[in-house]
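So the chains spell out like this:
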Amino acid sequence: KIKIFPRESLCLRIKIHLSHHHHLSSPLMEFLKKFSPKAKVKKKGPKSKQEPHGNPAQFVGLPHTIKSVDGSRNFELREDGWSIFGDGGGWPLIGVELLEVELSNNHTETFASTDILTLKTETINDPALGPQSATVITFPPLTDSCSSNTILTIVWDNSEKYKNLLYYKCTIPKCEVKIESYTIPLGINADVPPTNVHISSYQSWGYTGTVRIGSKQPVYALPAVFAGAFHDGGKKTGMPYESDYFTCLTSNDSGVDSSGDEALTVGYLTQKEGLCVVGVNSKGTKVRAKSTIEKFQVDGEWLCVSNVGAEGYDLEPMAKYLDKVGEVNKGIKVQPAVGWCSWYEYYENITHDVIVNNCDGLKKSSLNPKTIVVDDGYMKAWGDWNDLKEGFEDMGKTAEGIKSKGFVPGLWIAPFAVDKFSKIYEEHPDWILRMDNGKPCNSGNCAKWFYGLDPTNPEVIEYVKIVVKRAVEDWGYECLKLDFLYASCLDGVRFNQQMSRAEAYNLAVTTLREAAGPKTFLIGCGAPILPSVGIFDSVRVSADTGPTWAPTLPMPWWDQANLPCVRSMIRNSVSRCSISDRFWCNDPDCLLLREDTKLTYDEVKSTVAVVGMTGGMLLLSDDMSKITKDREKLVEQIVPSAGVPGIPLDLHARIMPRLIRLVCSDKAGEAPRGTIKVAPGLGTWSIVSLSNWGDYKTRRIGVDSHSLELGDDEGKGYHTFNVWTNIYKYQPAGTDGTRFERTLSSHETQIVVVKPVIPGIPTYIGSTFHFTSGFEISKFESETNAAHGSLRVAFKPGHFRSTGIAFFFLPCIWVEGGYSDDVIVHINNRVTKSENFKMAATLDDGTVLAVKCGVERPDMEISIVW
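None of the values given here were measured: they were computed from a predicted structure. (Residues numbered from 1 in each chain as written. Predicted model: local features only at pLDDT ≥ 70, side-chain atom pairs only at ≥ 80, totals over all residues. Heavy atoms only, no water.)

Q: I would appreciate a short explanation of the nonpolar core in the present structure.
A: A general trend in soluble globular proteins is that nonpolar side chains are found buried together. Within the largest apolar cluster, 178 residues are counted, with the highest numbers of intra-cluster contacts made by Leu 480, Ile 862 and Ile 864. Discounting residues that sit within four places of it in the chain, Ile 864 has contacts with Gly 789, Ser 790, Leu 791, Phe 808, Leu 810, Val 823, Ile 824, Val 825, Leu 849 and Val 851. (Core = buried A, V, L, I, M, F, W, Y, C linked by side-chain atoms within 4.5 Å. Buried < 20%, exposed > 50% of the residue type's maximum accessible area, 1.4 Å probe, protein only. Contact = heavy atoms within 4.5 Å.)

Q: In this structure, what is going on with helix α11 (residues 601–614)? I would like to understand it.
A: Turn by turn, an α-helix covers 3.6 residues, leaving residues three or four places apart pointing in a common direction. In this model α11 runs 20 Å from its N-terminal to its C-terminal C-alpha over 14 residues, within 8% of the 20 Å that 1.5 Å per residue would give. With 13 of 14 residues buried, α11 lies mostly within the body of the structure. Where α11 ends, the next residue or the one after it, Gly 615, has phi of about 70°, a positive value. (Helix = DSSP H or I, 4+ residues; strand = E, 2+ residues; numbered from the N terminus. Expected span 1.5 Å × (residues − 1).)

Q: Whenever I open this one, the sheet that holds strand β11 (residues 150–156) confuses me. Can you help?
A: The pairing of strands in a sheet comes from backbone hydrogen bonds and takes either a parallel or an antiparallel form. Taken in spatial order, the 9 strands make up an open sheet running β9-β10-β11-β12-β21-β18-β17-β14-β15, and their pairing is antiparallel. The sheet is open, and its two borders are formed by β9 (118–126) and β15 (209–212), each paired with just one other strand. On average, each strand axis in the sheet is inclined to that of its neighbour by 20°, with strand direction left out of account. Two elements, strand β14 (residues 196–199) and strand β17 (residues 246–250), share 3 bridges in a ladder whose sense is antiparallel. Across the sheet, the residue bridging to Asn 196 is Thr 250, located in β17. (Pairing = 2+ DSSP bridges. Axes fitted to C-alpha atoms, helices over the stretch in contact; angles between N-to-C directions.)

Q: Could you clarify how one ought to interpret the packing of helix α8 (residues 458–474) against helix α9 (residues 501–516) in this entry?
A: Packed helices, taken two at a time, are described by the angle between their axes plus the distance between the axes. Close contact between α8 and α9 brings their axes to 8 Å; oriented N to C, the two are set at 35°. Note on packing geometry: the crossing formed by α8 with α9 is right-handed. Across from Ile 461, Val 464, Lys 465, Val 468, Lys 469 and Val 472 in α8, the residues of α9 making contact are Leu 507, Thr 511, Leu 512, Ala 515 and Ala 516. Of the residues in the contact of α8 with α9, the class split is 8 nonpolar, 1 polar and 2 charged. (Left-handed = near helix turned anticlockwise from the far one by under 90°. Nonpolar A, V, L, I, M, F, W, Y, C, P; charged D, E, K, R; others polar.)

Q: It is not clear to me how the packing of aromatic side chains should be interpreted in this structure. Could you clarify?
A: Geometry of an aromatic ring pair is reported as the spacing of the ring centres plus the angle between the planes. Within the structure shown, the criterion is met by 30 aromatic pairs. Both rings, one in Trp 431 and one in Tyr 463, keep their centres 5.5 Å apart while their planes meet at 50°; by these two values the pair is tilted. Separated by 32 residues along the polypeptide, Trp 431 in the loop between α7 (423–427) and β26 (450–452) and Tyr 463 in helix α8 bring together distant segments of the chain. Neither Trp 431 nor Tyr 463 differs from the other in exposure class; each is buried. Taken together, the ring pairs connect Trp 205, Phe 230, Trp 382, Trp 385, Trp 412, Phe 450, Phe 484 and Tyr 486 into an aromatic cluster. (Phe/Tyr/Trp six-rings, centres within 6.5 Å; stacked < 30°, edge-to-face > 60°.)

Q: Sorry if this is basic, but what is going on with the state of the cysteines here?
A: By definition, a disulfide is the covalent link that joins the sulfur atoms of two cysteine residues. The final tally for this structure, using the stated rule, is 1 disulfide. Disulfide pairing is shown between Cys 146 and Cys 175; the S-S distance is 2.1 Å. Disulfide Cys 146-Cys 175: torsion about the S-S bond near 85°, hence right-handed. Taken together, the residues span a long stretch of sequence, with Cys 146 in the loop between β10 (130–139) and β11 and Cys 175 in the loop between β12 (166–171) and β13 (179–188) at a distance of 29 residues. The class for Cys 146 is buried, based on a relative accessible area of 6%. Using a relative accessible area of 5% as the deciding quantity, one classes Cys 175 as buried. Cys 175 provides the cysteine sulfur closest to Cys 170, a residue in no disulfide bond, and the two sulfurs are 10 Å apart. (Disulfide = S-S within 2.5 Å.)

Q: Please explain the confidence of the model for the protein chain as it appears in this structure.
A: Close inspection of predicted coordinates is inappropriate in any region flagged by low pLDDT. Confidence in the prediction of the protein chain, expressed as mean pLDDT, is 89, and 90% of residues score 70 or more. Scored below 50 in pLDDT, residues 1–57 shows 65 contacts in the model against residues more than four places distant or in partner chains. (pLDDT = per-residue confidence, 0-100.)

In structure tokens form, the structure reads like this:
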């Protein structure tokens, strides 16, 4: 009985179980010898040791130390390897090889310290990094055919914001042999190694989240022929954990990121030339950043290494890296749109009348959407965008119909995808990306097979320009949802074979932006993540949502990747929350509110809570006539969006983070990330969402006060307000911090507002009008003395739509039955009846008053005198 097990070295280990009666024949013994552990699968070619430019001898100035600007960290090169260490926090990093290059002739060249020919320090002024002091290391040429030496440039960032970030850039001159990839290896030398690894997927729909080291990385469940192309980014490293573009290793057993220890983030700043995959070994001690080039030379992109200790970050271990990526690529910051999309109600069964009639229903809605997106189904075939189905006479007429109802028209297009039966394929089969055997590349199956267009073909680029300009300039659409964008860079034979897949994609998306113009709102979908930064206003960050929590039979329910369901939509939306407002405004996909799905009410509340707390796009996709008032009320409380993404407190501790925090503050100056600026006088408080993602159990979920940035509460306790239940509760302060817990059913989320009790200060606690309990307020004034007090609060226009309740803390104690004489409440300058306000709680230092408010005009003021 022979069992074959894969090993990291790519060798094979054979276990043979024999009884004493059996005998191995000589041919079988020879066969087994070939696969012994000592066998090598890939034989490396000889290193080229020629001396370029007449250098007399190899570099011998080792050891050599490259110091960071502040002197806190050292990059030391020795003959036996290299190491990075210092008192700046983070894990010590070690290694032997500095660079590995794989050629198309199956030759792999490695470079170590002993291969250095020259090493010098020079000042560079790089477009991505600015002016920096760089160490330039020269290695021998890859092969005899290479025109000059291989270069590795190392930079310690000298700026205050990005201090101690480390950058590598590999530059390889033109060779006669194609360069498949290059890899920068890193090793972690620590007594306590990482416990968790953060996985980023190639494009919108793949798994993104944190995996416990030792557990298996979740992968797609469908056969590769159906789903492989959706996840086929750069070539894999062969390690157990594979993350596209970047990864983050953390050491955390506490369940909250702020209580973790070291964190190592490794990722590329740009992906204009190559597609990178970062691999991590099974112990979390080895990292390999592999960039797939498939070109004859490498111009080089910067690999960033952020290595911090527990004191080096608050709640976001990846913050400096993500900030730098957004800065270098000119990430776009926009206010999230509130809109409606036809897909999840009608799928392909749409007509002009369906769209326009839904506009009438949306005008009656209290949710006030701005944009109407006509999704897939208006054309006869992908690729034939002007060949319309019955029910559509002219897409320009549909756009005009949307505008006439007071909405912004949006249109779905898959610009680089064509159906097999389309006219465009029949007329231009040479535009299709194909494999070496001439067959069309597999682009995956989304309930049908389709082909990808090759953007390196100039005719394809001209065709795409016509499609986009027609939609914007001729038809009048101001928002484009551009889907299946990965189809432009499938792994195949391109028209221009000098261009890499990353370069092809960059050409594709820059063409889309140029054709659409700077004012058109572009939503990317099925989009490779890092190469899309700076192009799109919004990008889908999750798989499609759906009418079920998990995929249902006949689909594999355990799929964690691209199959439509709410579970994957929520996981990715939370796990990718950290890129929103850095790269673009995240699109978490649509909310489904209607009752004819298989979603429970708790699951609907959870999707609404996640969309509100992550601060991205808010798209509806129901026939609004089917929505009950209680479900519409849920969305009322997150509209309009504050446009600020919350911070998942346990992003690096769980596959599905269950704690998201937002802070509201009236402090002057620039608001820190995850903080919503509110009107002066309102103070500072936190909003936290608590989620139970377990499938069966009711569970207590909680968070400690030290994670909520509540400041010094002086031991007076906290006002807490549950957004969904509208229940106020006073919570005393603990002796060593305070824990806020709720009992949650399976798949349930609650949003809790937590405000410190401040003695002697009137406080607006919150309302049922907006989940932030403060973003809805435009002005707050208060005055108190020994005899009496008053406050006035003004609501922003449009921030309340129905009868609701507002809660106030008044620093005085009522005598029983006395509040009708002791307090006067005005709503819009009119005295309200005493039955419209009541005591919600009595505290040692004051009283909580609940005021019932009705809709009387677009704005509202409440004043209280006591």
